[in-house]
Amino acid sequence: MDLRYYISIFGAIIALILSLGLLGYSNLRKKQHPAIFIITLSLLASLIYCFFFWDSLDFINNTSPWTLISIFIGIIPIIVSHLLRLKTFWHYFFTIIPIGFIIFFSNIPTDIIPSLPAWGNHIICFLIWAYISLTFHIIAPKTTLASTETASTGLGIYILSLLKAIPFSFGFIALIFSVSSLALIIHNKKASKISIPKVDADCLGFILGGLFYLCATENAFSPVLIFMMLFICETGLALILKLSFLPQYKDLHNNTACSKAEQKGLLPPIINNLFARINILLVLMGCFQVYAPNQHSILLICFAITCWQMYRLINWNSLTSNIKETNLMVQQALKKNINRLKNNINNKNKAD
């Protein structure tokens, strides 16, 4: 095995020990900003790798070390906007601008849709990265869930590097990112809970989106989207319900499948275990995607599996016995929600 892999394992062990120590210290000092440690360790890992182990022959495209480092620099405007307590619009603005700057000025080709011109694929990357960055805060109140998502995605990207699907540098940084997130899960099981504030969630989402972009430049966007599928479906469900404008769906954080299952009495440890199993499955499926004949087949299968598992989670206390009954229940639920939406729109029109 390449010496770099032994170094990565050693670095992961050091990162885990440091993360647990720093989280314990922050808990004692009542400083609830766990993402700072995760991001700092990942940044140090990227700097060390860029200066000592960077090999341009690992890359399909002409990727510069500064592209990697610029992702971590891009979180500075996000932190500043929160420190200055700017309005929500400016939080979005200072998140989107660095994303656009990195993608369009690095100008690295991506083949998400090969038939599109380069600028079209750049726009798709921009939209996906922006979505990940701006919606990660939706699952952040569930600290274990959010940490599981970042840990599993980072682990999946590291495995892709072992399979030679992406450069080792991306895998090394993702491994440190994953292990640091794992430390938060371990700490919250052994000690008092540490929550993830909004600024930390925005920074974690930005780095997660940055890892997606880096992998997309090496034609590995589909496996990474599979790794993030549970997060994408959870936040997508929350946004769709929010956009229905029904009063019971006003709070985004209560619209996720995790929150709905908890409201119906399912214990958080059971939910966390289920989400961990789903993420393990998605990591395995994402790795199989590397050998798939196209970029979308397994991606669509994983989307269907994730939606089905979320439906089962939401309706855990009223599961049906066969597919026919399940299909009937889904149709009834859709009709009920459509009728609610129509009534809501009609009531608004009457009020106007």
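Because the structure is predicted, anything quoted here is derived from the model rather than measured. (Residues numbered from 1 in each chain as written. Predicted model: local features only at pLDDT ≥ 70, side-chain atom pairs only at ≥ 80, totals over all residues. Heavy atoms only, no water.)

## Considering unusual backbone geometry
Within the chain, Arg85 stands out as a residue other than glycine whose phi angle is a positive 55°. In this structure, Arg85 sits in the loop between helix H4 (75–83) and helix H5 (88–106). Phi is positive for Asn219, which is not a glycine, with a value near 60°. With respect to the secondary-structure elements, Asn219 resides in the loop between helix H9 (198–216) and helix H10 (221–227). (Helix = DSSP H or I, 4+ residues; strand = E, 2+ residues; numbered from the N terminus.)

## Some details on the environment of Leu47
One can find Leu47 in helix H2 (residues 34–52). Taking C-alpha positions, Leu47 is 9.7 Å from Trp66, a pair spaced 19 residues apart along the chain.

## Some details on the packing of helix H11 (residues 229–243) against helix H13 (residues 268–289)
One can describe the packing of H11 onto H13 by two numbers: an axis separation of 9 Å at closest approach and a directional angle of 125°. Looking at the two axes, H11 sits oblique to H13. Facing Met229, Leu230 and Glu234 of H11, the residues of H13 in contact are Phe275, Ile278, Asn279 and Leu282. Classifying every residue of the contact of H11 with H13 gives 5 nonpolar, 1 polar and 1 charged. (Axes fitted to C-alpha atoms, helices over the stretch in contact; angles between N-to-C directions. Parallel < 35°, antiparallel > 145°, perpendicular 65-115°, else oblique. Contact = heavy atoms within 4.5 Å. Nonpolar A, V, L, I, M, F, W, Y, C, P; charged D, E, K, R; others polar.)

## Here's the deal with the nonpolar core
Counting 91 residues, the largest nonpolar core has Trp129, Phe136, Ile157, Phe206, Phe212 and Leu313 as the members making the most contacts within it. Considering each element in turn, this core owes the most residues, 13 residues, to H9. (Core = buried A, V, L, I, M, F, W, Y, C linked by side-chain atoms within 4.5 Å. Buried < 20%, exposed > 50% of the residue type's maximum accessible area, 1.4 Å probe, protein only.)

## Digging into the layout of surface pockets
Estimated volume of the second largest pocket: approximately 590 Å³. Lining of the second largest pocket is provided by 30 residues; of these, Thr144, Leu145, Thr148, Ile185 and Asn272 occupy positions nearest its centre. Those elements that provide at least two residues to the lining of the second largest pocket are helix H7 (143–162), helix H8 (168–190), helix H12 (257–263) and H13. Here the lining of the second largest pocket takes 9 residues from H13, the largest share from any one element. Of the residues contributing to the lining of the second largest pocket, the split by class is 16 nonpolar, 10 polar and 4 charged. (1 Å grid on protein atoms, 1.4 Å probe; cavity = no way out; pocket = protein on both sides within 12 Å on 5 of 7 lines; lining within 4 Å. Points joined across faces, edges and corners; volume = space filled by probe spheres on them.)

## Some remarks on the pattern of salt bridges
What the rule picks out here adds up to 1 salt bridge. The salt bridge involving Lys198 is made with Asp202; its shortest N-O contact spans 2.9 Å. Here Lys198 and its partner Asp202 are both found in helix H9, 4 residues apart, which amounts to about one turn of the helix. Looking at Lys198, the relative accessible area reads 36%, which means it is partly exposed. Using a relative accessible area of 5% as the deciding quantity, one classes Asp202 as buried. (Salt bridge = Lys/Arg side-chain N within 4 Å of Asp/Glu carboxyl O.)

On their own, these measurements won't tell you what the molecule is for.
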